[in-house]
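Understanding the architecture of this molecule
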Amino acid sequence: MFRSRSWFGGGWGRPKNPHSLEHLKYLYNVLSRNQTVSEHNRGLLVETLRSIAEILIWGDQNDSSVFDFFLEKNMLSFFLRIMRQRSGGSSFVCVQLLQTLNILFENIRNETSLYYLLSNNHVNSIIVHKFDFSDEEVMAYYISFLKTLSLKLNAHTIHFFYNEHTNDFPLYTEAIKFFNHPESMVRIAVRTLTLNVYKVEDASMLAFIRDRTAAPYFSNIVWFIGKHIQELDVCVRNDADHQSQNRLSDLVAEHLDHLHYLNDILCLNITDLNQVLTDHLLHKLLIPLYIYSLSTVRKPTGGVEAITKALNQKLNLNESSSNGGIPHEPSTGKVSCVVALFLLSQVCLIISHSPVVQTVAWIVLKSDRSIYDKGVEKLLEAYENEMKRNGKNEEASGSESSFKDDVVEEHKNITDEEKQRLATTPTESESVSEKPFLETVYNALDCSENDYAALFALILLYAMAYNKGIMPDINEQVLRPKKTYTSKTSSRDVRYTYNTYLVDKLLYIVLLSCQPSCRVRLVTLELALKLLVQLVMADGKSVLLESHKSTIESAKTQSTALLRNFYKSEEIFLDMFEHEYCDMSKTSLNVEWLCMDSAILLPPTGTPMTGIDFTKRLPCGEVERARRAIRVFFLVRNVVLTLNGEMETQLPLTNPQSCVQIDQALDLNNSDLIACTVLWKDGTKTRRFLVIDVLQLILVEPDTKRLGWGVAKLVGFLQDIEVTGDKDDSRCLHITIHRPLSGTTTNRVPLLSAKFVFDDNIRCMAAKQRLTKGRIKARQKKMQHIARLLEIPGQSGPPSPAFVGGGIYNRSAGRGLRDRPFGLSRGPGFATPRWESPPGVTHRTDESRRHRDSDPKNLKKDDRTPNRSRDSSSSRTKSREGSPRMPRPRSEEIPLELIKKASNSVIDMTPKIAIVPRPQLKEESEEVEKKPEEEVSISSEETSFIASERRNSKKGGNIETV
């Protein structure tokens, strides 16, 4: 808006220092000579006004004489004189004038200077001036000027704006005229200004607002909110194809702004204002429009009359929308049940003022049909009578009598089942059909077709359960467990009851979510489980009935079976499993944020092209169905653990605490290290030693303090590496290590992407082989861990080392050392395996054993040998039964199908390369039959490759084992 060029011309007599009293005097002379605005001098006036504001701000902080001169010459009168002119350039100058005043009041720090500016009532004269508000710039600067003035309000400055004698408050009365301005910035400024006014503790000013403006202002707000709600309802009804998401999003955001504004007013705890506002909200908006719209879900009983009424309502709605969307009586119309549930949910999530939300909760949860038919006034009257009765009972009953009131009369000679039934009958004895609004909420929980309405019903129940403004006695037994005492003498004998009818509804949603072709979204399932925990947890423990316990266990079994259908050996399943767990563990469901999303107001869709989040829509395609099954498994499993009071011990698949960390000192004595040079993309070279752990690739540099020790400089998981050879150099490998999965981002930036140069091609080939095998084995171990979680047959056994930290390193406190040296097991570089007694078995003994096992006569006799072998293997330092079997080179092939598996061996579900057994000669088979049975045993898979050497060297004597 401002043109930064000088309009003074010539500069004769102009002071050189722009920040001085002399310069202000010069500007005063300019204003005196140009009191009439014209096309020729409007630029000069704009520059003068801007310079005056700059000098006054400087003088406020540096020279008080500047303000003395400004007030002495009454320069604000020049501002008023300029504004009141109707010449061609006055509008252009008014914009600069309002901007100057806004900057001036915003930057004033000295209270004395502020009082000088507010004196003489010139500011109020500027406020009530009739500006041309059709000019957007004038409107924007004017409302910004009013908001800046409101920020200066306090117990002292309020008297400059509110005149108690004339009963006039122009700053407030002029601002609230724009509370429904089409421009959102203007509406927000008006709300901010009114809140700043309400915060000032001045009794006479607040009395003026209550008596003169509160009723009409709050009435207009409620009326326009009602009009806004009907626009939102029309948008939802007419946008089943998700074509008006932007418009719907704006309407939802505006409704949220209204509710937050009303809540801010109520939270100021101004009794008189709160009473007026609460009365208007309940009588004209919340009950007639929000709550009574819930009754529309009941089937009409009048036949033709009901249809006629519905058509008339639709026609009236269309007429109102064609006339700008302003119905004559918005409180008499109704919106759809889904929109009503959504709006009530937002009310209970945002507003915490007890008289408002408690009334809403009581009407929804407790009101009777006989009262409902009599109208809004009778509902409020019944609520007030109920509160009075409860208040009198609390006053009349002492602590001792209240304890007796909660005591359940003991029944003798009855079974435990009857006692349990007696404890649950208070809720079931009250017919739900007699409570019209609660019945509607319960009916909306039906997810047989879809969960469109069920999601909003769950949000409403959740919001009422967690709203601090609702007293516990209203939610008790409906949304919270009820505690009763079974003994009059002891407070330890406690019995808990809960809403079994609602729990049945929630468990049905959970069971339905575990079906393969259900139409229940993940967000609905998560919210149902949250509400279920809220309903059945009391004093930190679960009070679930046995029937409900069996139901939730059945849901866990079904969710496991559902995920088992997607269990595959492809890499994508493991990646999805870890990503979904990481995502769910980092972010939990925020119900208030959920209600800010307008997309949930539209019917559930299954296409990702709408831009709706995955958890808020139905899955699309096989991959998303697998993701959904994974999340269902996690959600149900977590709730079962919570209800059972158990801790999670199997997830995540990788325990970060047991892994090697950067800058950790490692004992590398007697370890197989591979020296290499790392060529980074920026051209730098680094000499490192490559170490391969069970789960990790580690780059170390020698420790300068201890011989044989190294310091980890880079650590990455083997499952996340990519290794490719270099076509031009047989000594080089291109290695990429991806970052571990994170729930904050789906873009996995590589942790390392560099070229590794080894000393010769043999070391390069060894490194590539070990990295490739390590990656396969690490992923297979995690897949086996998942198989155990999913209870896939044949996957029993101890947890995977990926979780329990069964790698070579263990971060023991204070030491940071390894549990065992590399040479004792498969360590970095896969050091030479250690042989165990008894020695390995040759291929010929497997063939003879297969023939003996097939003979029923020798079955009992031969069973002793495998048992001995299993006993021997179980006594070893580390069992290898759970290790995945790796394809071996041709020189190390073993006829696996000839080896009889022990009865307790683990079945590997991962696909294997078929190995054809080597044909045996007749002499060899006869020699095996003569071999004593005691020498036959099953060798470890890690060391069976030496069997061929033992067979070839039999004539030379025994082989010494390491």
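Treat the numbers as computed from the prediction; the structure is a model and nothing was measured.

Here we look at helix H4 (residues 76–83)
- Burial within H4 is extensive, with 7 of its 8 residues counted as buried.
- Listed as buried for H4 are Leu 76, Ser 77, Phe 78, Phe 79, Leu 80, Ile 82 and Met 83.

Quick notes on the sheet that holds strand E11 (residues 732–738)
- Read from one edge of the open sheet, 8 strands run E5-E9-E8-E7-E6-E12-E11-E10, paired in antiparallel fashion. The open sheet has two free edges, formed respectively by strand E5 (665–667) and strand E10 (721–725), since each of these has just one partner strand. Taking the axes of each pair of neighbouring strands and ignoring which way they run, one obtains an average angle of 40° across the sheet.

Remarks on the packing of aromatic side chains
- This structure, assessed with the given rule, holds 31 aromatic pairs.
- Centroid distance Tyr 115 to Phe 160: 5.7 Å. Interplanar angle 25°. Geometry classified as stacked. Taken together, the residues Tyr 115 in helix H6 (residues 111–118) and Phe 160 in helix H9 (residues 158–161) connect sequence positions 45 residues apart.
- Taking relative accessible area as the criterion, Phe 160 reaches 28% and is therefore assigned partly exposed.
- One aromatic cluster in this structure is built from Tyr 567, Phe 573, Phe 577, Tyr 581, Phe 633 and Phe 634.
- Residue placement shows Arg 627 over the ring face of Phe 614; its charged tip is 4.1 Å from the ring centre.
- The cationic tip of Arg 706 hangs over the ring face of Trp 709; the distance from NZ or CZ to the ring centre is 3.9 Å.

A look at the packing of helix H25 (residues 500–513) against helix H27 (residues 546–564)
- Where H25 contacts H27, the two axes come as close as 9 Å, and the packing angle between them is 15°. Classified by the angle their axes make, H25 and H27 are roughly parallel. Relative to H27, H25 is oriented so that their crossing is left-handed. Seen from H25, the contacting residues are Thr 500, Val 503, Asp 504, Leu 507, Val 510, Leu 511 and Ser 513; seen from H27, they are His 548, Thr 551, Ile 552, Ser 554, Ala 555, Gln 558 and Leu 562.
- Across the contact of H25 with H27, the residue classes break down as 7 nonpolar, 6 polar and 1 charged.

What about the pattern of salt bridges?
- Enumeration according to the criterion identifies 34 salt bridges in this entry.
- A salt bridge links Arg 763 to Asp 760, with the nearest nitrogen and oxygen atoms 2.4 Å apart.
- Via salt bridges that share partners, Glu 580, Asp 583, Arg 627 and Arg 631 belong to a single interconnected network.

Let's talk about the environment of Cys 764
- Within the secondary structure, Cys 764 sits in helix H31 (residues 761–789).
- The class of Cys 764 is buried, set by a relative accessible area of 3%.
- The spatial distance from the C-alpha of Cys 764 to the C-alpha of Ile 674 is 8.9 Å, given a sequence separation of 90 residues.
- What Cys 764 contacts, discounting residues up to four positions off in sequence, is Ser 730, Arg 731, Cys 732, Leu 733 and Phe 758.

Things to note about unusual backbone geometry
- Cis rather than trans, the peptide bond between Leu 651 and Pro 652 has omega equal to 0°.
- By secondary structure assignment, the location of Pro 652 is in the loop between helix H30 (621–644) and E5.
- The backbone phi angle of Asn 167 is positive, close to 55°, even though this residue is not glycine.
- Tracing the chain through its elements places Asn 167 in the loop between H9 and helix H10 (170–175).
- By relative accessible area, Asn 167 is classed as partly exposed at 29%.
- Even without being a glycine, Asn 670 presents a positive backbone phi close to 60°.
- With respect to the helices, strands and loops of the structure, Asn 670 is situated in the loop between E5 and strand E6 (674–679).

Calculation rules
- Starting from 1, residues in each chain are numbered consecutively following that chain's sequence as written.
- Local features are withheld for residues below a pLDDT of 70 in this predicted model, meaning they are given only at 70 or higher, and side-chain atom pairs are given and counted only at 80 or more; totals for whole chains, interfaces and linings count all residues.
- Note that the side-chain values use all heavy atoms of the structure and ignore hydrogens as well as water.
- For each residue, the accessible area found with a 1.4 Å probe, counting protein chains only, is set against the maximum for its type, and the residue is called buried under 20%, exposed over 50%, and partly exposed in between.
- Every helix listed is a DSSP run of H or I at least four residues long, and every strand listed is a run of E at least two residues long, numbered separately from the N terminus.
- A pair of strands is treated as paired once DSSP finds two or more bridges between them.
- Interaxial angles span 0 to 180 degrees and are taken between N-to-C directions of axes, which are lines fitted to C-alpha atoms, for helices over the stretch in contact.
- To pair, rings of Phe, Tyr and Trp, with the six-membered ring standing in for Trp, must have centres within 6.5 Å; the planes then decide the type, stacked if under 30 degrees apart, edge-to-face if over 60, and tilted in the middle.
- Note on criteria: charge over ring means Lys NZ or Arg CZ within 6 Å of the ring centre, with the direction from the centre no more than 35 degrees off the ring normal.
- When an angle is under 35 degrees it counts as roughly parallel; over 145 it counts as roughly antiparallel; between 65 and 115 it counts as roughly perpendicular; any other value is oblique.
- Handedness of a crossing follows from how the near helix is turned relative to the far one, being left-handed for an anticlockwise turn of less than a right angle and right-handed for a clockwise one.
- The contact criterion used is simple: two residues touch if any of their non-hydrogen atoms lie within 4.5 Å.
- Charged residues are taken to be Asp, Glu, Lys and Arg, nonpolar residues to be Ala, Val, Leu, Ile, Met, Phe, Trp, Tyr, Cys and Pro, and polar residues to be all remaining types, Gly included.
- Any Lys or Arg side-chain nitrogen located within 4 Å of an Asp or Glu carboxyl oxygen qualifies as a salt bridge.

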